[in-house]
Amino acid sequence: MTRLVLVLGDQLTETVAALRTADKARDVVVMAEVAAETEYVPHHPKKIALIFSAMRKFAARLRSNGWDVRYSELDDTNNSGSIVGELLRRAEETGAQEVLATEPGEWRLIEILQAAPLRVSLLEDDRFIASHKAFETWAQGRKALRMEYFYREMRRKTDLLMDGEQPEGGKWNYDHENRKPAPDEVNTAPLRFQPDHVTEEVLALVDARFGDGFGTLRPFHFATEPEQAERALAHFIEHALPKFGDYQDAMLDSERFLYHSLLSAYMNIGLLAPLDVCRAAEAAYRSGAAPLNAVEGFIRQIIGWREYVRGIYFHEGPDYPQRNTLKHERKLPALYWGGDTKMRCLSKAVEQTRDEAYAHHIQRLMVTGNFALLAGVDPAQVHEWYLSVYIDAFEWVEAPNTVGMSQFADGGVIASKPYVSSGNYIAKMSDHCGLCAYDVKAKVGEGACPFNLLYWHFLDRHRARFSGNARMGNMYRTWDRMDAEKRSAILAQAAEFLDQMDDGAVV
Ligand code: FAD
Ligand code: DLZ
Ligand code: SF4
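Keep in mind it's a predicted model, so treat the numbers as computed, not measured.

Engineer: Quick question: what am I supposed to make of helix H16 (residues 379-389) here?
Structural biologist: Because each turn of an α-helix spans 3.6 residues, side chains separated by three or four positions end up pointing in the same direction. With 8 of 11 residues buried, H16 is to be regarded as a mostly interior element. When we look at burial in H16, the residues that qualify are Pro 379, Val 382, His 383, Trp 385, Tyr 386, Leu 387, Ser 388 and Val 389. Its side-chain oxygen at 3.0 Å from the backbone nitrogen of Ala 380, Asp 378 defines the N-terminal cap of H16.

Engineer: What should I look at first to understand the nonpolar core in this one?
Structural biologist: Grouped burial of nonpolar side chains is what soluble globular proteins tend to show. With 159 residues, the main nonpolar core has Met 31, Leu 241, Leu 263 and Phe 371 as its most contacted residues. Sorting elements by how many residues they give to this core places helix H13 (residues 292-316) first, with 11 residues. Core analysis: the next-biggest nonpolar cluster, separate from the first, contains 18 residues, Leu 8, Val 28, Ile 83 and Val 99 among them.

Engineer: Even after reading the chapter, I still don't get helix H15 (residues 361-375), so can you show me in this structure?
Structural biologist: Look at H15: 20 Å from first C-alpha to last across 15 residues, which is about the 21 Å you get at 1.5 Å a residue. Along H15, the helix axis deviates most sharply at Gly 369, where the bend reaches about 40 degrees. With respect to burial, H15 is a largely interior element, 14 of its 15 residues being buried.

Engineer: What exactly am I supposed to notice about the sheet that holds strand E1 (residues 3-6) here?
Structural biologist: Paired through their backbone hydrogen bonds, the strands of a sheet run either parallel or antiparallel. Across the sheet, 5 strands lie side by side as E3-E2-E1-E4-E5; this open sheet has parallel pairing. Each having just a single partner strand, strand E3 (68-72) and strand E5 (119-123) make up the two edges of the open sheet. Neighbouring strand axes in the sheet, compared pairwise and without regard to direction, differ in orientation by 25 degrees on average. With 5 bridges connecting them, strand E4 (residues 98-102) and E5 associate as parallel partners. The residue bridging Leu 100 from the neighbouring strand is Ser 121, located in E5. Taken strand by strand, helix H3 (residues 45-64) contacts strand E2 (28-32) and E3, and its axis lies near 160 degrees from that of E3. Strand contacts of helix H5 (residues 107-114): E1, E4 and E5, with the helix running at about 145 degrees to E5, the strand carrying the most contacts.

Engineer: Any chance you could explain the site of ligand 3 here in plain terms?
Structural biologist: In the vicinity of ligand 3, the residues found are Met 343, Arg 344, Cys 345, Gly 423, Ile 426, His 432, Cys 433, Cys 436, Tyr 438, Val 440, Cys 449 and Phe 451. At the level of secondary structure, the elements contributing two or more residues to the shell around ligand 3 comprise helix H14 (344-356) and helix H18 (423-429). Its residues placed into classes, the shell around ligand 3 shows 9 nonpolar, 2 polar and 1 charged.

Engineer: Any chance you could explain the site of ligand 2 here in plain terms?
Structural biologist: Close to ligand 2 lie 19 residues; Asp 10, Ala 32, Val 34, Glu 37 and Glu 106 are nearest. Contact between ligand 2 and Gly 105: an oxygen atom at 3.4 Å from a main-chain N or O atom of the residue. Between ligand 2 and Glu 106 there is a distance of 2.9 Å, counted from an oxygen atom to a side-chain nitrogen or oxygen. Relative to its unbound accessible area of 490 Å², ligand 2 is 100% covered by the protein chains. Broken down by secondary-structure element, the contributors of at least two residues to the shell around ligand 2 are helix H2 (35-39), H3 and H5.

The rules behind these values
Residues numbered from 1 in each chain as written. Chains lettered and ligands numbered in written order. Predicted model: local features only at pLDDT ≥ 70, side-chain atom pairs only at ≥ 80, totals over all residues. Heavy atoms only, no water. Buried < 20%, exposed > 50% of the residue type's maximum accessible area, 1.4 Å probe, protein only. Helix = DSSP H or I, 4+ residues; strand = E, 2+ residues; numbered from the N terminus. Polar contact = N/O pair within 3.5 Å; in protein donor to acceptor, adjacent residues only side chain to side chain. Core = buried A, V, L, I, M, F, W, Y, C linked by side-chain atoms within 4.5 Å. Expected span 1.5 Å × (residues − 1). Bend = angle between axes of the 7 residues up to and from the residue. Pairing = 2+ DSSP bridges. Axes fitted to C-alpha atoms, helices over the stretch in contact; angles between N-to-C directions. Contact = heavy atoms within 4.5 Å. Near = heavy atom within 4 Å. Nonpolar A, V, L, I, M, F, W, Y, C, P; charged D, E, K, R; others polar. Areas by Shrake-Rupley, 256 points an atom, 1.4 Å probe, with all protein chains shown as cover.

From the geometry alone we can't say anything about function, so treat these as descriptive.
Written out as structure tokens, the structure is:
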């Protein structure tokens, strides 16, 4: 009996579980561009274009490899508009009664498939190093689920950067070498690809259907097939990896990518296998082409952070994205959707997000994330923003990073203390402040940097929760040593700033 084999837009590899389990001779692959998936958040047009173009090319590849593929384009007149609707339509067409699917990376879609009026077998997505069971075994009985210990297990499991039983070079983590401020110039740029006719067709469709949303569609230079993504990887390894570690946390006003890889979207949708990416980086270290601090730092992001946040997402359950431990209720300020702001760091991060559907980790964590947390924005709205605007955003990876790491809305499952900082951190790691209307050195009064004001406002309003945190004691001691008059002036100015922002003033 024919079965349907569902392949979602972020499962584009022939090694994905449902395709590995299926029988090419009798089963039918279902792929569908559907309104429900394009609309659950207002995705950046570049993200939709990447997914559709890569889906169309993958479908063509499957066909040429002998699969029967039923592909629904978004503007097909018979397109029902949802994944389950398309499965039902193809079931009727083929007489199939059973669906093989690889577990989606979002509880929402898992629940939709489980409730479908069809027999759906959900197979675990084994494109990850840690299975659900392996993560649960690691998590069991631990008081705190910290990434560093999980990462060491992944190093042992994959044998990446190991010297027998010991970590290469004698240390597991070389992060202390990886916090250099911004360099004067950057001597590389990510590889860009000219759209071919398939991508051009998709761009026209996306422009017509989603052109009004937040985000610039053209120019579009992302890789949309595995061979291109492999070239992007090779380019990164040769030109950027050697300095990746040194400048991982740096930001420059006139450089959007620095030494980052821009490979996250390719790994997340299936164009690149994460372990292959790590092995290529390790080979660069072994051949002397890249230093250990860079390669260890890069590999840690993938087999450490990437695997760990996925583990947390499934471990914590479907309510995770809605958590709001700090009870933050403020509406997401209009500046996140491109509204004017005088804060240079934020305006540059949002501008580049709009143009590129990309910002690197420190921009996401210490600029847009930090500001939202300091200002007390509702984490659900912050989550929706990140899920919408980044090319690599899928809930399994976005929600733990946003709700947990960035907004502390999970109450400390991921982070042992909130990632908050005053303008000092941004001044140290970037050259934004010199170009800003605010003065980063001013703590209060005319022109004071809003991050400085809000930093103390945050600590003060959450004193009961955080003053006992050993890692935050110094911050509270500094605050308490300030004279009372200065403290009330800071709090009053911070409150006034927030009121003005809420009223729609350009702040
Ligand atoms: P590089 O700096 O070159 O890093 C190499 C790789 O490491 C990345 O490609 C990525 O696969 C992995 N990586 C690095 N940090 C993380 C991390 N914290 N979690 C998971 N993987 C990591 N990453 C996503 O893939 N999708 C998201 O939706 C996403 N949302 C985020 C939201 C917030 C608030 C924050 C703080 C981080 C988020 N990240 C997300 C993690 C990280 O910012 C991106 O993976 C990274 O910026 C992608 O750019 P890159 O490929 O140039 O990464
Ligand atoms: C993100 C996305 C978008 C925009 N569109 C589609 C689509 O039309 N068809 C599809 O199969 N997948 C799409 N996706 C990816 C899914 O939303 C993704 O599989 C889930 O978010 C789970 O990670
Ligand atoms: Fe950002 Fe403050 Fe620096 Fe301006 S002064 S760029 S608001 S940190």
